[in-house]
Amino acid sequence: MGDVAVRIENKLQKAFTPSALTVTDDSHLHAGHAGARPGGESHFTVDIVASRFDGLSRVARHRLVNEALAEELAGPIHALVIRARGTSE
């Protein structure tokens, strides 16, 4: 796992203490496209399950993840797919 992926995972672990978390670097799928960087680590998918998301709308869940990753979204991350679920789902 690359440096950016590790930072994403660490920040989400700290912010949400998820029961499940997978961070996938999808950068290889976007090579040569806008926002792609040499060496990758620009496009990610986050699958996260946490009790913090229980009862929240999809937009509210995405907002929380975006806030937790604000520094990365302002820098190395070009695209982020978020699949956030509550523990009751």
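Use the structure listed above.
First things first, this report covers the structure right here in the doc. (Residues numbered from 1 in each chain as written. Predicted model: local features only at pLDDT ≥ 70, side-chain atom pairs only at ≥ 80, totals over all residues. Heavy atoms only, no water.)

### Here we look at the pattern of salt bridges
Once the charged atoms of two side chains with opposite charge are near each other, the side chains can pair. Evaluation of the coordinates by the stated rule reveals five salt bridges. Where Arg7 meets Glu72, a salt bridge forms, and the shortest distance between an N and an O atom there is 3.2 Å. One end of the pair, Arg7, is in helix H1 (residues 3–16); the other, Glu72, is in helix H3 (residues 70–73), and 65 residues separate them in sequence. Assessed through its relative accessible area of 1%, Glu72 is described here as buried. Between Arg83 and Asp47 there is a salt bridge, with the nearest N and O atoms lying 3.5 Å from each other. Here the residue Arg83 occupies a position in strand S3 (residues 79–85), and Asp47 occupies one in strand S2 (residues 43–49), the gap between them amounting to 36 residues. Residues participating in the shared-partner salt-bridge network are Arg7, Lys11, Glu71 and Glu72. (Salt bridge = Lys/Arg side-chain N within 4 Å of Asp/Glu carboxyl O. Helix = DSSP H or I, 4+ residues; strand = E, 2+ residues; numbered from the N terminus. Buried < 20%, exposed > 50% of the residue type's maximum accessible area, 1.4 Å probe, protein only.)

### Concerning the pairing of S2
The buried fraction of S2 amounts to six of the seven residues, a majority that puts the element mostly inside the structure. Bridge count for strand S1 (residues 20–25) against S2 is six bridges, and the pairing is antiparallel. Bridge pairing links Ala20 to Val49 in S2. One ladder, built from seven bridges, connects S2 with S3; its direction is parallel. When the sheet's bridge partners are listed, Phe44 is paired in S3 with Leu80. (Pairing = 2+ DSSP bridges.)

### Structural notes on unusual backbone geometry
At Thr17, a position not held by glycine, the phi torsion is positive, near 40 degrees. If you trace the backbone, Thr17 turns up in the loop between H1 and S1. Taking relative accessible area as the criterion, Thr17 reaches 64% and is therefore assigned exposed.

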